[in-house]
Amino acid sequence: MKMAIIGAGKWGQALYHAYSENNEVVIHSRTPRNIEHFVSLGEALEREYLVMAIPAQFVRHWMEENFVDKGQKILVAAKGIETSTGAFLNDIFTQFLPPERLAYISGPSFAAEVQKSLPTALMISSTNLSLAQTFADHLPSYIKGYVDDDVVGAEVSGAYKNVIAIASGVCDGLGLGNNARAALISRGLVEMARFGKSFGARTETFLSLGGAGDLFLTASSRLSRNYRVGLGLAEGKDMDTILKELGEVAEGVPTAKALHRIAQEKGIYLPIAEEVYAMIEEGKDPHESVHDLLG
Ligand SMILES: NC(=O)C1=CN([C@@H]2O[C@H](COP(=O)(O)OP(=O)(O)OC[C@H]3O[C@@H](n4cnc5c(N)ncnc54)[C@H](O)[C@@H]3O)[C@@H](O)[C@H]2O)C=CC1
Ligand SMILES: O=C(CO)COP(=O)(O)O
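Right, let's walk through the structure included here. Keep in mind that this is a model prediction, so the values were computed, not measured. (Residues numbered from 1 in each chain as written. Chains lettered and ligands numbered in written order. Predicted model: local features only at pLDDT ≥ 70, side-chain atom pairs only at ≥ 80, totals over all residues. Heavy atoms only, no water.)

To continue, consider the overall build of the protein. The secondary structure content of the protein amounts to 14 helices and seven strands. A globule of 295 residues ought to have a C-alpha radius of gyration of about 19 Å, and the protein, at 18 Å, matches this closely. Along the three orthogonal principal directions, the C-alpha set of the protein runs to about 55 × 40 × 35 Å. The contacts in the protein between residues at least 6 apart in sequence include a share of 63% that link residues at least 24 apart. For the protein, the exposed area adds up to about 12500 Å²; of that, 51% sits on carbon and sulfur atoms. Side chains of the protein give 27 positive and 36 negative charges; the mean places of these two sets differ by 3 Å. (Helix = DSSP H or I, 4+ residues; strand = E, 2+ residues; numbered from the N terminus. Rg over C-alpha atoms; globule rule 2.2 N^0.38 Å. Contact = heavy atoms within 4.5 Å. Areas by Shrake-Rupley, 256 points an atom, 1.4 Å probe, with all protein chains shown as cover. Lys, Arg positive; Asp, Glu negative; His and termini not counted. Charge placed at Lys NZ, Arg CZ, Asp CG, Glu CD.)

Next up on the list: the environment of Ile272. Relative to the assigned elements, Ile272 resides in helix α13 (residues 271-282). Between the C-alpha atoms of Ile272 and Glu36, which are 236 residues apart in sequence, the distance is 43 Å.

Around ligand 1 lies a shell of 20 residues, among which Lys10, Trp11, Arg33, Ala111 and Glu251 are the nearest. A distance of 2.9 Å is found between an oxygen atom of ligand 1 and a backbone nitrogen or oxygen belonging to Lys10. Separating an oxygen atom of ligand 1 from a backbone N or O atom of Ala111 is a distance of 2.8 Å. Coverage of ligand 1 by the protein amounts to 84% of the 830 Å² it exposes when considered alone. Among the domains, domain 1 (2-149) and domain 2 (158-294) are the pair contributing at least three residues each to the shell around ligand 1. (Near = heavy atom within 4 Å. Polar contact = N/O pair within 3.5 Å; in protein donor to acceptor, adjacent residues only side chain to side chain. Domains from an automatic or database assignment.)

Counting residues in each nonpolar core, the largest one holds 43 residues, and the members touching the most others are Tyr160, Phe195, Val229 and Leu233. For this core, the elements supplying multiple residues, two or more each, are α7 (151-173), α8 (178-197), α9 (209-218), α10 (225-234), α11 (239-246), α12 (252-266) and α13. Residue contributions to this core peak at nine residues, all from α7. For Tyr160, the residues in contact, after removing those within four places along its chain, are Glu191, Met192, Phe195, Leu259, Leu270 and Ala273. In this structure, Ala14, Val25, Ile35 and Val114 belong to the second largest nonpolar core, which totals 31 residues. (Core = buried A, V, L, I, M, F, W, Y, C linked by side-chain atoms within 4.5 Å. Buried < 20%, exposed > 50% of the residue type's maximum accessible area, 1.4 Å probe, protein only.)

As structure tokens, this is what we get:
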């Protein structure tokens, strides 16, 4: 397939590497990069298949400023919920093109390992299963693709796991042990499913690659930027310092704010996400958060 990757960060470049195995792929980002097949925005938009790999908080602005509908099908690779409105990415993209032309990629996938062509399994979700299958069929030999039609479940899983990963980094940073981390991740999965169900997601989606799979990966590895944010919080660092030292996007930070907003508006019980929000936004002492979660 003729494809363009939009966004040349870690994930955009990893997906460029992956999809280049079987397809004609170009890549575009706002800052020119010295990458083979780097193209202008105009050339990228001419491609039939687009992969959107810019961070979730910038998606709406990017679409408003740059998107020209030429019948393209879009695979959304970002994971997050818009802080300013509480909107899911599908709420944003469907303002620009119909759901049957949208798919979402999720699952346990550190960009660094995909870039090394290490074995990976991912989920591609769309209300149009034929489109999901098309994106899955064109994945490289080392990525096994599974298709699903629970878009809400996939979106919530990908976004929420980043917030639980922050909590897990705090847990390990405080040296609370393996029991504590396992309990936190398990309860985080329950909380994620509760939240998703309130938006119509299927419970079994949270047991899939996009849910439990990505959560287990992200909440237990220093390769995760979100997990590293948690380590920084446990060390007592302020958020500006943490994000400056990280130098990359950590979607769990803005998503924690979005979850807090939605929890207040809809009255959903999100104890772990709310403690992450309190640590990030209100400077709550992580030891106090642990005490309150055990209470
Ligand atoms: N890095 C990873 O292992 C994975 C990341 N993702 C998701 O992919 C998305 C992108 O993350 P990464 O590529 O890892 O981030 P990154 O921090 O490596 O790169 C972010 C890219 O977005 C660009 N960018 C920043 N602000 C922008 C704006 N206002 N408009 C357009 N472009 C802008 C930056 O120039 C940079 O190239 C995130 O939603 C992340 O959760 C998903 C799976 C794996
Ligand atoms: O989504 C990811 C792995 O599936 C990347 O996780 P981080 O954004 O925490 O690095």
